[in-house]
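Spelled out, the chains give:
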Amino acid sequence: IFSLTGRNILVTGGGRGLGKAMALGLARYGANIALMDINMDLAQQVASEIESIGVRSLALRGDVTNEQDGERVAETVVDAWGNLDVLVNNAGISIQAPAEETPLAEFKRVYEIDVYGSFILAKAAFRPMARQRRGSIINIASICGLTVLVPQPQVAYNSAKAAVIMLTKTLAAEWARYGIRVNAIAPGYMLTPPVLKMREDDPQRYEYWMSLTPMGRAGEPSELEGAAIYLASDASSYMTGNVLVIDGGYTCS
Ligand code: NAD
């Protein structure tokens, strides 16, 4: 039930970090992987790694905030491989600034990538998924959409990820009749480039975060693979509109 052999999966922001880790994990379970990223060098490197696993891969340039890019990328996957089975809406950014000093333009930029980008790609994936009456959309939210992490001020990111969770639930309710499941993953602190940089810039704050995490450590990017494989595959066939929290226990304390 976890097999993804022959499934075609599109991962946004697949060039590095969590997107790359999930793409490799999904490929190891048999899926063909298309990577959509604004950074083609990174996407191409990951595509080569995926091909060496023995499945097909495509590196596609595209900005998730651009509706035409979203539609073009989804069409390219369908033209190349016949259909699109799974979308992983992973591309996302955060900014840190006190709410009263956050410029509206930066607040909007976070929403454009994290929220509108997920909606744009979900809409682009809808047609091919509805046509075959099967599909799984996995939105990468964050525990920041469930609880306010301290002490960092990040009003745009927290509220955007909360929006991603309601986007997930709403699309799940609307699209169940088309056979499309929509779920979210809410990771805690994971060791990707942005978090590694925050650890380097402020080791004391990083230690404080770890003291609030019952498992006492951040997650490796590869520790999201299992959740992605579960949600992409038939193993989760009766799950829709929900959030898998992968956070070393942060939100249970
Ligand atoms: P990252 O910065 O390491 O990687 C992001 C990737 O997205 C990059 O390859 C980048 O080129 C691409 N990208 C950025 N903007 C894009 C756009 N407009 N269109 C297409 N591609 C774009 O980030 P990460 O830490 O791996 O985070 C990935 C996702 O996981 C984000 O949505 C993030 O909010 C979420 N998340 C991360 C953590 C964590 O601790 N790292 C925790 C919770 C949630």
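Provided above is the structure to which this section pertains.
Here goes a summary of the coordinates provided. (Residues numbered from 1 in each chain as written. Predicted model: local features only at pLDDT ≥ 70, side-chain atom pairs only at ≥ 80, totals over all residues. Heavy atoms only, no water.)

A separate point is the nonpolar core. The tendency in soluble globular proteins is for nonpolar side chains to be buried as a group. Counting 31 residues, the largest nonpolar core has Ile9, Leu26, Ile33, Leu35, Ile50 and Val88 as its most contacted members. Among the elements of the structure, strand S1 (8–12), helix H1 (17–28), strand S2 (32–37), helix H2 (40–51), strand S4 (86–89), strand S5 (135–140) and helix H8 (225–232) are those that each provide at least two residues to this core. Per-element accounting of this core gives the leading share, 6 residues, to H1. Other than its neighbours up to four places away in sequence, Ile33 contacts Ile9, Val11, Ala23, Leu26, Ala27, Ile50, Arg56, Ser57, Leu58 and Trp81. Leu10, Val64, Ile120 and Ala125 belong to the second-largest nonpolar core, a separate cluster that totals 26 residues. (Core = buried A, V, L, I, M, F, W, Y, C linked by side-chain atoms within 4.5 Å. Buried < 20%, exposed > 50% of the residue type's maximum accessible area, 1.4 Å probe, protein only. Helix = DSSP H or I, 4+ residues; strand = E, 2+ residues; numbered from the N terminus. Contact = heavy atoms within 4.5 Å.)

With that out of the way, let us pick up a nonpolar patch on the surface. Together, Ile1, Phe2 and Tyr29 give the surface a local cluster of nonpolar side chains, amounting to about 340 Å² of exposed area. By secondary structure assignment, the location of Tyr29 is in the loop between H1 and S2. (Patch = residues over 30% accessible without salt bridge, like charges linked within 9 Å, V, L, I, M, F, W, Y side chains within 5 Å. Areas by Shrake-Rupley, 256 points an atom, 1.4 Å probe, with all protein chains shown as cover. Salt bridge = Lys/Arg side-chain N within 4 Å of Asp/Glu carboxyl O.)

As judged from the 5 bridges shared by S2 and strand S3 (residues 57–61), these two strands associate in the parallel manner. Counted as the bridge partner of Met36 is Leu60 from S3. Handedness of the β-α-β unit built from S2, H2 and S3 comes out right-handed. (Pairing = 2+ DSSP bridges. Right-handed = clockwise from strand over helix to strand, strands pointing away.)

The final tally for this structure, using the stated rule, is 11 salt bridges. Across the pair Arg7 and Asp234 runs a salt bridge whose closest N-O atoms are separated by 3.2 Å. Placement of the pair is Arg7 in the segment before S1 and Asp234 in the loop between H8 and strand S7 (243–246), with a sequence separation of 227 residues. Judged by relative accessible area, which is 39%, Asp234 ranks as partly exposed. One salt bridge in this structure joins Asp85 and Arg134, with 2.8 Å as the shortest N-O distance. Here Asp85, found in the loop between helix H3 (67–81) and S4, pairs with Arg134, found in the loop between helix H4 (104–132) and S5; they are 49 residues apart in sequence, far enough to count as distant. Since its relative accessible area comes to 36%, Arg134 is described here as partly exposed.

Now for the sheet that holds S7. Strands in a sheet are paired, the pairing made by backbone hydrogen bonds, and the direction either parallel or antiparallel. Across the sheet, which stays open at both edges, the 7 strands sit in the order S3-S2-S1-S4-S5-S6-S7 with parallel pairing between neighbours. In this open sheet, the two edge strands, each paired with only one partner strand, are S3 and S7. The mean inter-strand angle of the sheet, taken between neighbouring strand axes irrespective of direction, is 15 degrees. Here strand S6 (residues 180–187) runs beside S7; their pairing, made up of 4 bridges, is parallel. The residue bridging Pro187 from the neighbouring strand is Ile246, located in S7. Of the strands in this sheet, S1, S2, S4, S5 and S6 are in contact with H4, which crosses S4 at around 180 degrees. (Axes fitted to C-alpha atoms, helices over the stretch in contact; angles between N-to-C directions.)

Right, let's talk about H1 for a bit. Residues that lie three or four places apart on an α-helix share one face, since the helix turns once every 3.6 residues. Along its 12 residues, H1 runs 17 Å from first to last C-alpha, staying within 8% of the 16 Å computed at 1.5 Å per residue. Among the 12 residues that make up H1, 10 are buried, leaving the element largely enclosed by the rest of the structure. Listing the buried residues of H1 in full gives Gly17, Leu18, Gly19, Ala21, Met22, Ala23, Leu24, Gly25, Leu26 and Ala27. Looking one or two places after H1, you find Gly30, whose phi comes out positive at around 110 degrees. (Expected span 1.5 Å × (residues − 1).)

In the region of the ligand, 27 residues are neighbours, and Arg16, Asp37, Asn90, Tyr157 and Thr192 sit closest. In the model, an oxygen atom of the ligand is placed 3.0 Å from a nitrogen or oxygen of the Lys161 side chain. Alone, the ligand offers 840 Å² of accessible surface; in the complex the protein occludes 92% of this. For the shell around the ligand, the elements supplying multiple residues, two or more each, are H1, helix H5 (155–175) and helix H6 (193–201). Considering only residue class, the shell around the ligand consists of 13 nonpolar, 10 polar and 4 charged. (Near = heavy atom within 4 Å. Polar contact = N/O pair within 3.5 Å; in protein donor to acceptor, adjacent residues only side chain to side chain. Nonpolar A, V, L, I, M, F, W, Y, C, P; charged D, E, K, R; others polar.)

Packing of H4 against H5 leaves a shortest axis separation of 8 Å and a crossing angle of 15 degrees. The orientation of H4 with respect to H5, classified from their angle, is roughly parallel. When the axes of H4 and H5 are compared, the crossing they make is right-handed. Between H4 and H5, the residues in contact are Phe107, Val110, Tyr111, Asp114, Val115, Ser118, Phe119, Ala122, Lys123 and Phe126 and Val155, Ala156, Tyr157, Ser159, Ala160, Lys161, Ala163, Val164, Leu167, Leu171 and Trp175, respectively. (Parallel < 35°, antiparallel > 145°, perpendicular 65-115°, else oblique. Left-handed = near helix turned anticlockwise from the far one by under 90°.)

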